[in-house]
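Spelled out, the chains give:
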Amino acid sequence: MRLSIERSALLKALSHVQSVVERRNTIPILSNVLLTAAGDGVKLTATDLDIEIAEMAPAQIDRAGATTTPAHTLFEFVRRLPEGQPVRLELSGEDSRLAVSAGKARLQLPVLPPGDFPSMPIDAAGHTFLIPPTELARLIDKTKFAISTEETRYYLNGIFIHAVAVNGEPMLRAVATDGHRLALADATAPEGSVGMPGVIVPRKTIQELRRLLEDATGDVEVAVSAQKIRFAVADAVLTSKLIDGSFPEYARVIPKANSRILKVDNRGFAQAVDRVSTVSAERSRSVKLALEAERVTLTVNNPDQGVATEDLPADYQSDALEIGFNSKFLKDVTDQIEGVEAQFEFADSGSPTLVRDPADGQALYVLMPLRV
Amino acid sequence: MSVICRDCGELYAEPPGFACQACGGGRFLAHPEALSLTIAHLDCDAFYAAIEKRDDPTLAARPVIIGGGNRGVVSTACYVARAYGVRSAMPMFKALALCPQAAVVPPNMGKYVEEGRKVRALMQALTPAVEPISIDEAFMDLSGLEALHKAAPVQTLARLQRRILDEIGITVSIGLSFAKFLAKTASDLDKPNGFSIIGRAEALDFLAPRAVSTLPGVGPAGAKALAALGVATIGDLRTADPKQIVARVGAWGLRLIEFAHARDTRSIDPDATRRSISAETTFSDDLRGLPDLEDRLWLACEKVAARARAANLSGWTVTLKLKSTDFRTITRARRLNEPTLLAARLFEASRALLAAEVDGRCAYRLIGVGLSDLAPAAQADQGDLADRETPRRAAAEAAMARARAKFGADAVRTGRGLRIAKPD
């Protein structure tokens, strides 16, 4: 294998694939990136056995071939090379090293045989569709904060993506929950997604995908099979295992008839929550909302640190209510709201509360109250 | 220099010669800071064995081991048995190989609990600030009570030690210092029937050469992690880079560094009684298969759940304990998303931990499950947005508990619990 490639093209592809490589690996080849040179480009592939990212980069191929070499080392070296410099990669026949050179800088890297590199073929894809990168990014951004990190409930460690019908309109829906809060976002169903079975896309895949979407230009091609999902974003292809489990029946915990409606200036509310939380205890972070006509009072009472309260004007007409929330969870939700106002819909101090963004009818949030 | 008679608590400015002028006793305690220290740790000496020796004088001079059967482990060895190398938690067959003439007495927990309460009552008569750590040891804070007792804490403690011997008939060892962990360290210096003082002036020099495992919370794993950083003694810990320590052992490292500088601000908390609830069983036959182990685990989970319910407690963390036939003990813990007191949830969490350990080849002799990070029962098992099953399970287990309370423990049993005809 011998090729020459622009430093920036190599760096871009490497930065996309290397982040999937775990820092510590018991299987040595998983620390490596697979380089496959053929035609007018080189393909870079990295995997952690759960996710595989492959990306094509244009290169001048003098001699086709393939090898694998430590991904992080190659990335760090290329990152430090001056911009605009061509990089040469050469693996000579008997040498068990990959020579990387740019200008006067040279690096000899150990290699492992490409035949040992695990591949992650996607099984017969059931549903394939195209979705604009902004739409996919929106589904992720609106929900990913609610993904659980709890190992025991592994089926919550991702975003549940599935096809639904809302008022007869087919929609592609993303839902995430950690039990304390739930986030839901809908997008108009792309052609081909209708009838797609629900899949749980793991958190790490979501993170990698979100990074790839930053550089996306055209539509993203999504292919879903029983156990895997594949996203083709520009020159990169991300293949991931799905979480094998069943997502809880979230529809039953979304309140349908909460009658106490609070409308409040979102920014003012978020800042007030932030202010009173300065005295909150590390563990509970509980903030109390006392609602009465045209007013909401926020209180954090921490025996060790003191008491903080703040009154806010609000649009509230129902009878008085006191309800507590985790201040961080409140903030996560207010961060999602794009409109001027946030709309809270309460039932009572012990039941789930619905939060809507009047500016975005296709997203909603559910918060579980804390006892105060 | 203050000198205190160990027998009656009489105070002297200078050593009074060979015998105490007040009681005729000949044992004295001398320390420059003796009158200003208030934090004490009291530990009963070989408690279970001491009780048995008290109740059966023929045992007095013999090596005595408290423990169960041939398969069991030593729960307490008296000081005579310890001279042969017998230690607590040692397997019984090993203990008997070291000391074949030992008298093995099966434990009578009811009696020990009762005697332990008597000791505690004598402590509580002196100060409300008594923090029990277990049945036979506790911290005490005697600050501000000099006027009430008309004596310095050190004198009050010397009298307490004497009174426990006179009224209950066992010896205890006392450590007196200005911080909890130093008091605990001190009580161990001069066992049995000891009284040791670690003052402010000597604390740093005293700690410097000692192994880091002297510090609270540093077990074998922690000591190993610190050793990897070249930290073997407490003195090493003082000069180590706090960032490296924290990177290695987590935020707890900062606490350890504080301890290394003899700074321990933990107060004595009379309510910090219970830290965990657990149950374990040693099998009559070694087990290696997951289904067999699961059945035993389920029984342990039911026990812990019943104990938690009785104490009106629940816990956030479930710990699995396994002991293999080569006496390796492994513990694995998992923190739940909310506190629980349900056998089903204890089992669910501990079974997952068990499944990750069992390979079908390694044989085990003991399994146990524990619940820690305790919380009031009322906070447990609420369920959440993703869990609508738990409140239903909670209702079912509460109903079973009510039936058992009314009609006896066997009134309701689960299928899994019935699978073992005779529990070990």
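Every value quoted in this text rests on a predicted model; they were computed, and no experiment measured them.

### So, the overall build of chain A
- A tally of regular secondary structure across chain A gives six helices and 26 strands.
- Counting only residues that meet the buried cut, chain A has 52% of its 372 residues in that class.

### Considerations on the interface of chain B and chain A
- Counting from both sides, the interface comprises 12 residues of chain B and, opposite them, 19 residues of chain A.
- It is Leu385, Ala386 and Arg388 of chain B that lose the most area in chain B upon contact with chain A, and together they represent 51% of the buried surface on that side.
- In this assembly, chain B and chain A are joined by one salt bridge.
- Note that Asp384 of chain B is salt-bridged to Arg153 of chain A, the shortest N-O span being 2.8 Å.
- Between chain B and chain A we count two residue pairs in polar contact (both at pLDDT 80 or more) in total.
- Residue contributions to the side of chain B that touches chain A peak at three residues, all from strand β14 (residues 329-340) of chain B.
- Across the side of chain B that touches chain A, the residue classes tally to four nonpolar, three polar and five charged.

### Re the nonpolar core
- Formed by 100 residues in total, the largest nonpolar core has its most connected members in Leu44, Leu289 and Leu298 of chain A.
- Beyond its immediate chain neighbours, meaning those up to four positions away, Leu289 of chain A contacts Phe269, Val296, Thr297, Leu298, Leu321, Glu322, Ile323, Phe325, Leu330 and Phe346 of chain A.
- The next biggest cluster of nonpolar side chains, apart from the first, holds 75 residues, and it includes Tyr48, Ala81, Val154 and Ala186 of chain B.

### Things to note about the sheet that holds strand β4 (residues 39-44) of chain B
All names here are of chain B.
- Read across the sheet, five strands follow the order β8-β9-β4-β10-β11 without closing on themselves; strand pairing throughout is mixed. Edge strands, defined here as strands with exactly one partner in the open sheet, are β8 (130-134) and β11 (195-197). On average, each strand axis in the sheet is inclined to that of its neighbour by 15 degrees, with strand direction left out of account.
- Strand direction decides the pairing type here: β4 and strand β9 (residues 137-141), joined by five bridges, are antiparallel. Bridge pairing in β9 places Leu42 opposite Ala138.
- Lying over the sheet, helix α6 (residues 153-167) contacts β4, β9, β10 (172-177) and β11, oriented at roughly 170 degrees with respect to β10.
- Helix α7 (residues 180-187) rests against β4, β8, β9, β10 and β11 of the sheet, and its axis sits at about 140 degrees to β10.

### A word on the sheet that holds strand β13 (residues 313-324) of chain B
All names here are of chain B.
- Judged by pairing direction, the sheet is antiparallel, and its four strands sit side by side in the order β12-β15-β13-β14 without closing on themselves. What marks the edges here is a single partner per strand, and that holds for β12 (276-287) and β14. When the angles between neighbouring strand axes are averaged without regard to direction, this sheet yields 15 degrees.
- Looking at chain direction, β13 and β14 are connected through eight bridges and run antiparallel. Within the sheet, the bridge partner assigned to Thr319 lies in β14 and is Ala333.
- Along the sheet face, helix α14 (residues 343-357) touches β13, β14 and β15 (364-376) and points at about 145 degrees away from the line of β14.

### Overview of helix α4 (residues 203-214) of chain A
- Taking 1.5 Å per residue, 12 residues should reach 16 Å; α4 of chain A reaches 17 Å between its end C-alpha atoms and fits that length.
- Taken as a whole, α4 of chain A has its buried residues at Thr205, Ile206, Glu208, Leu209, Arg210, Leu212 and Leu213 of chain A.

### So, the packing of helix α13 (residues 290-310) of chain B against α14 of chain B
All names here are of chain B.
- For the pair α13 and α14, the least separation of the axes is 9 Å and the interaxial angle reads 145 degrees. Taken as a pair, α13 and α14 cross one another with a handedness that is right-handed. For the pair formed by α13 and α14, the contact residues are Leu290, Leu293, Glu294, Leu297, Trp298, Cys301, Glu302, Val304 and Ala305 on the first element and Ala343, Ala344, Leu346, Phe347, Ser350, Arg351, Leu354 and Ala355 on the second.

### A closer look at the state of the cysteines
Residue and element names in this part refer to chain B.
- One pass over the full model with this rule turns up zero disulfides over all chains.
- Here Cys99 stays free of any disulfide, with the sulfur of Cys78 as its closest cysteine sulfur at 7.9 Å.
- Owing to a relative accessible area of 0%, Cys99 belongs among the buried residues under this scheme.

### Let's talk about the environment of Ala401 of chain B
All names here are of chain B.
- Position of Ala401 relative to the elements: it lies in helix α15 (residues 390-407).
- Among the residues examined, Ala401 registers a relative accessible area of 22% and is labelled partly exposed.
- The spacing of Ala401 and Ala411 is 10 residues in sequence and 9.5 Å in space, taken between C-alpha atoms.

### Remarks on the side chain of Ser327 of chain A
- Tracing the chain through its elements places Ser327 of chain A in helix α6 (residues 327-336).
- We classify Ser327 of chain A as buried; its relative accessible area is 4%.

### Observations concerning the pattern of salt bridges
- Applying the stated rule across the entire model yields 55 salt bridges over all chains.
- Between Lys331 of chain A and Asp335 of chain A there is a salt bridge, with its nearest N and O atoms 3.5 Å apart. Of this pair, Lys331 of chain A and Asp335 of chain A are both found in helix α6, four residues apart, which corresponds to roughly one turn of the helix.
- Residue Lys331 of chain A is classed as partly exposed on the basis of its relative accessible area, which comes to 32%.
- Overall, Asp335 of chain A belongs to the partly exposed group, its relative accessible area being 48%.
- Members of the salt-bridge network, linked through shared partners, are Glu52, Arg54, Asp55, Lys111, Glu115 and Lys118 of chain B.

### Focus on the packing of helix α1 (residues 47-55) of chain B against helix α4 (residues 109-124) of chain B
All names here are of chain B.
- Their axes nearest at 10 Å, the elements α1 and α4 cross at an angle of 95 degrees. Judged on the interaxial angle alone, α4 and α1 are roughly perpendicular. Where α1 abuts α4, its residues Phe47, Tyr48, Ile51, Glu52, Arg54 and Asp55 lie against Met109, Lys111, Tyr112, Glu115 and Gly116.
- Of the residues assigned to the contact of α1 with α4, the class counts are five nonpolar, one polar and five charged.

### Section: the packing of aromatic side chains
- As enumerated under the stated definition, the model contains 13 aromatic pairs over all chains in all.
- Three or more aromatic residues joined by ring pairs make a cluster, and in this case those are Phe269, Phe325, Phe344 and Phe346 of chain A.
- The cationic tip of Arg82 of chain B hangs over the ring face of Tyr79 of chain B; the distance from NZ or CZ to the ring centre is 4.5 Å.
- Between the NZ or CZ atom of Arg296 of chain B and the centre of the ring of Phe283 of chain B, over which it lies, the distance is 5.8 Å.

Calculation criteria
Residues numbered from 1 in each chain as written. Chains lettered and ligands numbered in written order. Predicted model: local features only at pLDDT ≥ 70, side-chain atom pairs only at ≥ 80, totals over all residues. Heavy atoms only, no water. Helix = DSSP H or I, 4+ residues; strand = E, 2+ residues; numbered from the N terminus. Buried < 20%, exposed > 50% of the residue type's maximum accessible area, 1.4 Å probe, protein only. Contact = heavy atoms within 4.5 Å. Buried area = accessible area lost by both parts, 1.4 Å probe. Salt bridge = Lys/Arg side-chain N within 4 Å of Asp/Glu carboxyl O. Polar contact = N/O pair within 3.5 Å; in protein donor to acceptor, adjacent residues only side chain to side chain. Nonpolar A, V, L, I, M, F, W, Y, C, P; charged D, E, K, R; others polar. Core = buried A, V, L, I, M, F, W, Y, C linked by side-chain atoms within 4.5 Å. Pairing = 2+ DSSP bridges. Axes fitted to C-alpha atoms, helices over the stretch in contact; angles between N-to-C directions. Expected span 1.5 Å × (residues − 1). Left-handed = near helix turned anticlockwise from the far one by under 90°. Disulfide = S-S within 2.5 Å. Parallel < 35°, antiparallel > 145°, perpendicular 65-115°, else oblique. Phe/Tyr/Trp six-rings, centres within 6.5 Å; stacked < 30°, edge-to-face > 60°. Lys NZ or Arg CZ within 6 Å of the ring centre and 35° of its normal.

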